[in-house]
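Chain by chain, the residues:
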Amino acid sequence: MNTALLYRLLDADPAAGPAELLHRARAGRDLPHLVLSALALDGVRMGEPARAELRRARDRVAQYARLAAGLARSTGVRAIRGLPLAGYYPDGLLRPMDGLDLVAPDEAALWQAVIRLVTDQPVERIDVSLLGERPHHTAVTLHWPAEDPLVDPWYRVHLTTAALPGDGSAVPVRPYLAADEHVECLIALAESCLRSPSRPPCPVTLLDIAALTGRPFSEPAETAAVLAAYRLAPEAATLLDHAAGHVPLGPLAAVRAELAPALAPEHRRRAEAATAARRLRTRHGTLLRRTVIRHAWDQARFLIPSSGTPLLLTPVADYLLAPAPPTSTTRTAALQALHHWDNLC
């Protein structure tokens, strides 16, 4: 992985120089930090503002790594997607990370991690959503300002009990990832293609594939079988086909070849499942109030007042679960129900 690859992926003219490459990178979120780190490795001279921006970006990634390590020890949650992939990049090259993604073994571990983050960090926003009905999966995203919130992205930590949410229909939720870390990263990249199947992979995804080509996929048939078991053979094949036009696939070329027999069966399975399966509903919470941390709670609770609109009471905040943005009347009724509940407790 080198600067020449960045010029190709960002469609920048090498003759125009590093400034043009950085200009192209600024059209994508966090890509400037990767380009700045690549230019620094190449010894390109840069001023103090660029060096300071790069230092803050490195500090943010280091903070994410510290958070992930601490939460893994104390709660059992573990990092998925961005942070593990960053570990495969060459030393000094900064993988773009717009946040830290964590998967929890269960809801209790998820809320333990949320409580710790709320206690230790200046969290300003907590978003909650539920995937499915009964049983459901929980996702929580916490946001707080960066060192310089005017020019740097806020910190974002996303925790979920469903590592792979699927597409809500034919591709189901798969709560856990594979035990092999670099196969797990390939699975996560293939899963990301479900969100926008008609769009080509972004430059960061292609750089991720380039980083993974240095990993030992010693059993291509086994890797392909794992991807097929996770219902991601088509996405993985498309991703690798696209990446092959930009980087040598190395050991992943054999994985792509082994995927071929799994493609038609998975397409048939999806066609059958799409007609039979009910679409998995996602319910987003509208914040009603932050609360004193309920340390004794290890799960969220539902409260359904007489108005019939369900409320979600969590260890850190209370939310309205409504299919549409709440009206002032709905919000008022929900707050009254919460006050009534407070008086009963």
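In this report, we go over the structure that sits alongside the text. Keep in mind that this is a model prediction, so the values were computed, not measured.

**A look at the sheet that holds strand β8 (residues 311-313)**
Taken together, nine strands build an open sheet; the order of strands is β1-β2-β5-β4-β3-β6-β9-β8-β7 and the sheet is mixed. Edge positions in the sheet fall to β1 (78-80) and β7 (301-303), since each has one partner strand and no second. Neighbour to neighbour, the strand axes of the sheet diverge by 30° on average, direction disregarded. Across three bridges, β8 lies against strand β9 (residues 317-321) in antiparallel orientation. By the bridge assignment for β9, Leu311 is matched with Leu320. Contacts from helix α4 (residues 48-75) reach β1, β2 (100-103), β4 (137-144) and β5 (155-160), with the element oriented near 30° to β5. Helix α12 (residues 328-344) contacts β6 (282-290), β7, β8 and β9 of the sheet and is inclined by roughly 65° relative to β6.

**A look at the environment of Ala188**
Take Ala188: it is sitting in helix α7 (residues 181-192). A residue is classified by how much of its surface remains accessible, and Ala188, at 6% relative accessible area, is buried.

**Things to note about the pairing of β9**
Counting buried residues in β9 gives five out of five residues, a clear majority hidden from the surface. Alternating residues of β9 divide into Ala317, Tyr319 and Leu321 and Asp318 and Leu320, and every residue in both groups is buried. As paired elements, β6 and β9 share five bridges and run antiparallel to each other. Bridging across to β9, Arg289 finds its partner in Asp318.

**Section: the pattern of salt bridges**
Taken as a whole and assessed by the stated rule, the structure comprises 21 salt bridges. Residue Asp120 is joined to Arg116 by a salt bridge in which the shortest nitrogen-to-oxygen separation is 3.5 Å. Taken together, the residues Asp120 and Arg116, both in helix α6 (residues 107-120) and four residues apart, mark about one turn of the helix. On the basis of relative accessible area, Asp120 is assigned to the partly exposed category, the value being 48%. Here Asp342 ties to Arg289 by a salt bridge, and the two come within 2.7 Å at their closest N and O atoms. Here Asp342 is found in helix α12, whereas its partner Arg289 is found in strand β6, with 53 residues between them in sequence. Accessibility expressed as a relative area gives 18% for Arg289, which makes it buried. Through salt bridges with shared partners, one network takes in Arg231, Glu235, Glu266, Arg269 and Arg270.

**With respect to the packing of helix α3 (residues 31-41) against α4**
For the pair α3 and α4, the least separation of the axes is 10 Å and the interaxial angle reads 110°. Comparing the axis directions of α3 and α4 gives the class roughly perpendicular. The way α3 lies across α4 gives a crossing that is left-handed. Contacts between α3 and α4 pair Pro32, His33, Leu36, Ser37 and Ala40 from the former with Ala50, Glu53, Leu54, Ala57, Arg58 and Arg60 from the latter. Among the residues forming the contact of α3 with α4, the class breakdown is six nonpolar, two polar and three charged.

**Things to note about a negative patch on the surface**
Where like charges cluster on the molecular surface, the negative patch consists of Asp180, Glu181, Glu219 and Glu222. Among the secondary structure elements, Asp180 is positioned in the loop between β5 and α7. Asp180 sits in the partly exposed class, given a relative accessible area of 34%.

**Quick notes on the side chain of His33**
By the element assignment, His33 lies in helix α3. At 3.4 Å, the side chain of His33 forms a polar contact with the side chain of Glu53. Excluding residues within four positions of it along the chain, His33 makes contact with Glu53, Leu54, Ala57, Arg60 and Leu94.

**Digging into α12**
An ideal rise of 1.5 Å per residue puts 24 Å on 17 residues; α12 measures up with 25 Å between its terminal C-alpha atoms. Among the residues making up α12, those that are buried are Ala334, Ala337, Leu338 and Trp341. Along the axis of α12, the buried residues cluster in a sector spanning 100°; they form a single face. Facing away from the buried side of α12 by over 90 degrees, the exposed positions are Ser328, Thr329, Gln336, His340 and Asn343. In this structure, the buried residues of α12 make contact with β6, β7, β8 and β9.

About the cut-offs
- Residues numbered from 1 in each chain as written.
- Predicted model: local features only at pLDDT ≥ 70, side-chain atom pairs only at ≥ 80, totals over all residues.
- Heavy atoms only, no water.
- Pairing = 2+ DSSP bridges.
- Helix = DSSP H or I, 4+ residues; strand = E, 2+ residues; numbered from the N terminus.
- Axes fitted to C-alpha atoms, helices over the stretch in contact; angles between N-to-C directions.
- Contact = heavy atoms within 4.5 Å.
- Buried < 20%, exposed > 50% of the residue type's maximum accessible area, 1.4 Å probe, protein only.
- Salt bridge = Lys/Arg side-chain N within 4 Å of Asp/Glu carboxyl O.
- Parallel < 35°, antiparallel > 145°, perpendicular 65-115°, else oblique.
- Left-handed = near helix turned anticlockwise from the far one by under 90°.
- Nonpolar A, V, L, I, M, F, W, Y, C, P; charged D, E, K, R; others polar.
- Patch = residues over 30% accessible without salt bridge, like charges linked within 9 Å, V, L, I, M, F, W, Y side chains within 5 Å.
- Areas by Shrake-Rupley, 256 points an atom, 1.4 Å probe, with all protein chains shown as cover.
- Lys, Arg positive; Asp, Glu negative; His and termini not counted.
- Charge placed at Lys NZ, Arg CZ, Asp CG, Glu CD.
- Polar contact = N/O pair within 3.5 Å; in protein donor to acceptor, adjacent residues only side chain to side chain.
- Expected span 1.5 Å × (residues − 1).
- Arc of directions from axis to C-beta.

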